[in-house]
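Below are the chains, spelled out letter by letter.
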Amino acid sequence: MGGYRVLGQVWGGWWRGPGVSSARKVAGFGTEARRQLQPRGSSKRSGSLGNQSFPGLLQPENLSREELVDVLRASVVDQKGPLVTLNKPQGLPVTGKPGELTLFSVLPELSQSLGLGEQELQVVRASGKEASGLVLLSSCPQTASRLQKFFACSRRAQRPTATYWAVTDGIPATSEGKIQAALKLEYVDGVGSVVPVKSPSRKDILEGVKRTLSHFRVMATGPGCALVQLQPVTVFPSQLQVHMVLQLCPVLGDHRYSARVGTVLGQRFLLPAESTKPQKQVLDEAFLRRLHLTPAQAAQMPLHLHLHCLHLPGTRPRDAPIELLAPLPSYFSRTLQSLGLCQQ
């Protein structure tokens, strides 16, 4: 693994806190979660865990607290010491308003379910609501603080610690590079939207505009599509989605920002972000045929953005970094197969 060690094989003990027995490994969220829930015989549960068009897709709004805890327990990919690693399903928010069903809201029940007793889990690092993939939790405040400091130091040193995989509508003009853009978060009718800012002033920066940076590498290509590795250096809402739009290659299933890419006579161009309203992503007929989807089904497509890998410091100063890995969701793997996107 190029000098990295995989968590679960060599995890040592630089944290503080009691040991916890290792949780079982799972191949991915969707299949294992369904195995856990289906025996209870609830048609609501089986409908909450996907459909034929997008196998393994979660519908959080249809889950009870108990069901969500069951899903999250089934999504554990590693549990060592105070650290718990989940493979978060797409569509599940990490935080939200009081009373909303989120990952954060069920952490007490999840902690009990995993046998942690009074040691309640807290979020150290997580993919956003619309993305799937890794969530790192800790039941030890000191361990959580140390890891958060590590991530902050890595950002200051511009060392990426997270690797996402994305399927894109379009192929980037270059096979690898970096994307830099100043971004700001605007609210219209209570809905947040991220827009680029050209040549931000010092006042803009003070008012919340942030200079953002991501690295990308094209891993595979097909007709009009690509599998892209993305490594954000900075952290900003919807950063990766907006960065790929700026490359004229929106992420598949991006129903918020993809409308900013227009096409005339086969040539793509950017539409003004401030005046372009979000709408369902529109794919051409050839793309839909390869995906075996109707336009109505494509309008329900989940975002194909997955936090695949996190790098953590080794257990001792001279140890190689540790690599956390999360398998792809079933629908993501199916899309890769349908589009012929095999990693090069």
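Residues numbered from 1 in each chain as written. Predicted model: local features only at pLDDT ≥ 70, side-chain atom pairs only at ≥ 80, totals over all residues. Heavy atoms only, no water.

- Per an unreviewed UniProt entry, the chain carries the name RNA pseudouridine synthase D3 and comes from Myotis myotis.

1. Focus: the layout of surface pockets
- Its volume calculated, the second largest pocket comes out at about 330 Å³.
- Every residue lining the second largest pocket is counted, 18 residues in all, and those nearest its centre are Asp 169, Thr 263, Arg 268, Val 282 and Leu 283.
- Counting only elements with at least two residues in the lining of the second largest pocket, the list comes to β11 (261–264) and α8 (285–291).
- For the lining of the second largest pocket, the leading source of residues is α8, giving 3 residues.
- A breakdown of the residues in the lining of the second largest pocket according to their chemical character gives 8 nonpolar, 5 polar and 5 charged. (1 Å grid on protein atoms, 1.4 Å probe; cavity = no way out; pocket = protein on both sides within 12 Å on 5 of 7 lines; lining within 4 Å. Points joined across faces, edges and corners; volume = space filled by probe spheres on them. Helix = DSSP H or I, 4+ residues; strand = E, 2+ residues; numbered from the N terminus. Nonpolar A, V, L, I, M, F, W, Y, C, P; charged D, E, K, R; others polar.)

2. Description of the pattern of salt bridges
- Within this structure, the stated rule accounts for 6 salt bridges.
- A salt bridge links Asp 70 to Arg 73, with the shortest nitrogen-to-oxygen separation between them at 3.1 Å. Residue Asp 70 and its partner Arg 73 are located together in helix α3 (residues 65–74), separated by 3 residues, close to a single helical turn.
- Arg 73 sits in the partly exposed class, given a relative accessible area of 23%.
- Between Lys 80 and Asp 78 there is a salt bridge, with its nearest N and O atoms 3.7 Å apart.
- For Lys 80, a relative accessible area of 18% corresponds to the buried category.
- The exposure class of Asp 78 is buried, given its relative accessible area of 3%. (Salt bridge = Lys/Arg side-chain N within 4 Å of Asp/Glu carboxyl O. Buried < 20%, exposed > 50% of the residue type's maximum accessible area, 1.4 Å probe, protein only.)

3. Here we look at unusual backbone geometry
- In this model, Gln 158 sits at a positive phi of 55°, which is unusual for a non-glycine residue.
- Positive phi, normally seen in glycine, also occurs at Leu 265, with a value near 55°.
- Mapping Leu 265 onto the fold places it in the loop between β11 and β12 (267–270).

4. Considerations on the side chain of Ser 111
- In this structure, Ser 111 sits in helix α4 (residues 107–113).
- What Ser 111 contacts, discounting residues up to four positions off in sequence, is Leu 116, Gly 117, Gln 119, Glu 120 and Leu 121. (Contact = heavy atoms within 4.5 Å.)

5. Some words on a nonpolar patch on the surface
- A surface patch of nonpolar side chains, about 400 Å² in accessible area, is lined by Val 264, Leu 265, Phe 269 and Leu 271.
- Within the secondary structure, Val 264 is located in strand β11.
- Relative accessible area serves as the criterion here: at 47%, Val 264 is assigned to the partly exposed category. (Patch = residues over 30% accessible without salt bridge, like charges linked within 9 Å, V, L, I, M, F, W, Y side chains within 5 Å. Areas by Shrake-Rupley, 256 points an atom, 1.4 Å probe, with all protein chains shown as cover.)

6. As for the nonpolar core
- Leu 136, Leu 230 and Leu 305 are the most contacted members of the largest nonpolar core, which totals 29 residues.
- The element best represented in this core is strand β13 (residues 305–312), accounting for 4 residues.
- Both domains that furnish three or more residues to this core are identified here as domain 1 (60–157) and domain 2 (164–305).
- Setting aside chain neighbours within four positions, we find Leu 230 in contact with Ala 162, Thr 163, Tyr 164, Ala 166, His 215, Phe 216, Leu 240, Met 244 and Leu 305.
- Counting residues in each nonpolar core, the second largest holds 22 residues, with Cys 225, Leu 227, Leu 283 and Leu 293 among its members. (Core = buried A, V, L, I, M, F, W, Y, C linked by side-chain atoms within 4.5 Å. Domains from an automatic or database assignment.)

7. Considerations on empty space enclosed by the protein
- In total, this model carries 3 cavities of 30 Å³ or more according to the counting rule given.
- Here the largest cavity defines a volume of roughly 80 Å³.
- What lines the largest cavity is Ser 53, Phe 54, Leu 252, Leu 291, Leu 293, Met 301, His 304, Tyr 331, Arg 334, Thr 335 and Ser 338.
- Element by element, the count of residues in the lining of the largest cavity is highest for helix α10 (residues 330–339), at 4 residues.
- Classifying every residue of the lining of the largest cavity by side-chain character gives 6 nonpolar, 4 polar and 1 charged.

8. Things to note about the environment of Tyr 164
- Topologically, Tyr 164 is positioned in strand β6 (residues 162–169).
- Since its relative accessible area comes to 11%, Tyr 164 is described here as buried.
- With near-sequence residues (within four places) excluded, Tyr 164 lies in contact with Ser 127, Val 228, Gln 229, Leu 230, Pro 232, Leu 240, Leu 305, His 306, Leu 307 and His 308.

9. Describing the pairing of β12
- Bridge analysis of β11 against β12 gives 4 bridges, and the strand direction is antiparallel. Following the sheet pairing, Thr 263 is matched in β12 by Arg 268.
- With antiparallel pairing between neighbouring strands as the criterion, β11 and β12 make up a hairpin whose turn holds 2 residues, including Leu 265 at a positive phi of roughly 55°. (Pairing = 2+ DSSP bridges.)

10. Focus on α10
- Taken as a whole, α10 has its buried residues at Tyr 331, Phe 332, Thr 335, Leu 336 and Leu 339. Along the axis of α10, the buried positions cluster into a sector of 145°, meaning they face one direction only.
- Packed against the buried residues of α10 are β5 (132–138), β6, β9 (210–222), β10 (225–232), α8 and β13. (Arc of directions from axis to C-beta.)

11. So, the environment of Arg 260
- Relative to the helices and strands, Arg 260 is located in the loop between α7 (239–246) and β11.
- For Arg 260, a relative accessible area of 4% corresponds to the buried category.
- In the structure, Arg 260 is positioned 14 residues away from Leu 246 in sequence and 8.9 Å away in space, judged by C-alpha atoms.
- Among residues more than four places away in sequence, those in contact with Arg 260 are Ser 193, Val 194, Val 195, Pro 196, Val 242, Val 245, Phe 269, Leu 270, Leu 271, Ala 273 and Thr 276.
- Of the polar contacts made by the side chain of Arg 260, one reaches the backbone oxygen of Val 194; its length is 2.8 Å. (Polar contact = N/O pair within 3.5 Å; in protein donor to acceptor, adjacent residues only side chain to side chain.)

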